[in-house]
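Observations on the three-dimensional arrangement
The primary structure of each chain is shown beneath.
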Amino acid sequence: MNDHGNHSAGWQLTQSAPEAYEQYLIPPMFAPWADRLVETSAAHEGDRVLDVACGTGIVARRVATEVGTSGSVVGLDINEGMLAVAAEAAADSQPPIEWRQADATDLPFADARFDVVCCQQALQFFDDPGAALEEMRRVLTPSGRLAASVWRPLEYHPAYVVLADALERHIGEDAGAMMRSPFPSWEQADLRTLALDGGFDDVSVTIEIGSVRYPSVEEFVRREAASSPLADRLAASDRETRDELVQDVATALDTYTDDDGIVSPMESYVCTAERSVDDVHET
Ligand SMILES: C[S@@+](CC[C@H](N)C(=O)[O-])C[C@H]1O[C@@H](n2cnc3c(N)ncnc32)[C@H](O)[C@@H]1O
């Protein structure tokens, strides 16, 4: 088995999960989707933008270049570790990005404070996504715009079907469930209904198709594990278990293996909407 240099004995951890998320998952996966979401949001010079559940801040960083120094960007997340990595990664951003720790269902902002709200791959993790959408609408200006993305169900992400099944077999049922959790079984209509119930107008939900690449199956498994709450469990598992896990994933992903490693399709819903102007007058 190849040793890829970032780890010594087995999969010992040399970094926190937020650092691993920024290093391993942002470049191949979340950054390209952030560019698409920012383009969809139509954020432009001078806009005031909120990135809800910003994680390590890739959407906030990308949108900052669109709004320029006459605009402003705030990134909000519930996780302090994610925000610490976000602040470091955006140290040179112009305009500077403001980072706030808070729950998406209770945004610490006045009504009508933002022109654009973005939310990439996070609604599915909220206890009450409807309440979060109501809050997003509340903080938008009249005719302010929402751009939010949520992965399509697991079956549209073949590499993650395989990884979740293998984790369940070799590590435990909860490990499989954890790897499935980013991919809710939401239909397109579920997201549309959530946005409409949240008070938004002009709701549009599109299906966007992309892909993700890793240099090898072992790196796919190791990087995903390191960036997740599974990090400690995987690092603590014995070598034989990890080898069997990687071998199982490699066998199942044979048809997605090529000379550059592995590649897998990924599909996302992208929801755009506007805050209803009438609604602003009523509140
Ligand atoms: C898959 S990450 C996406 C992060 C980021 N939007 C990106 O594209 O990289 C999901 C994020 O949602 C955040 N999160 C989960 N529940 C939250 C809540 N109730 N309020 C705010 N953030 C939350 C997590 O801390 C995590 O950073």
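Look above for the structure.
So, here's what we can say about the structure. (Residues numbered from 1 in each chain as written. Predicted model: local features only at pLDDT ≥ 70, side-chain atom pairs only at ≥ 80, totals over all residues. Heavy atoms only, no water.)

**Things to note about the packing of helix α1 (residues 17-41) against helix α2 (residues 58-67)**
Two elements in contact, α1 and α2, have axes whose closest approach is 9 Å; the angle formed by their N-to-C orientations is 45°. It follows that α1 is oblique to α2 by the angle criterion. The two elements α1 and α2 cross, and the hand of that crossing is right-handed. Between α1 and α2, the residues in contact are E22, I26, F30, A31, A34, D35, L37 and V38 and I58, V59, R61, R62, V63 and E66, respectively. (Axes fitted to C-alpha atoms, helices over the stretch in contact; angles between N-to-C directions. Helix = DSSP H or I, 4+ residues; strand = E, 2+ residues; numbered from the N terminus. Parallel < 35°, antiparallel > 145°, perpendicular 65-115°, else oblique. Left-handed = near helix turned anticlockwise from the far one by under 90°. Contact = heavy atoms within 4.5 Å.)

**Some words on helix α3 (residues 80-89)**
Looking at α3, one finds that the buried residues are M82, L83, V85 and A86. When α3 is viewed along its axis, its buried side chains cluster within an angular range of 160° and face the same direction. Across from the buried face of α3, at angles greater than 90 degrees, the exposed residues are E80 and E88. Lining the buried residues of α3 we find α1, β2 (72-77) and β3 (97-101). Two or three places before G81, at the start of α3, stands the capping residue N79, its side-chain oxygen 2.8 Å from that residue's backbone nitrogen. (Buried < 20%, exposed > 50% of the residue type's maximum accessible area, 1.4 Å probe, protein only. Arc of directions from axis to C-beta. Polar contact = N/O pair within 3.5 Å; in protein donor to acceptor, adjacent residues only side chain to side chain.)

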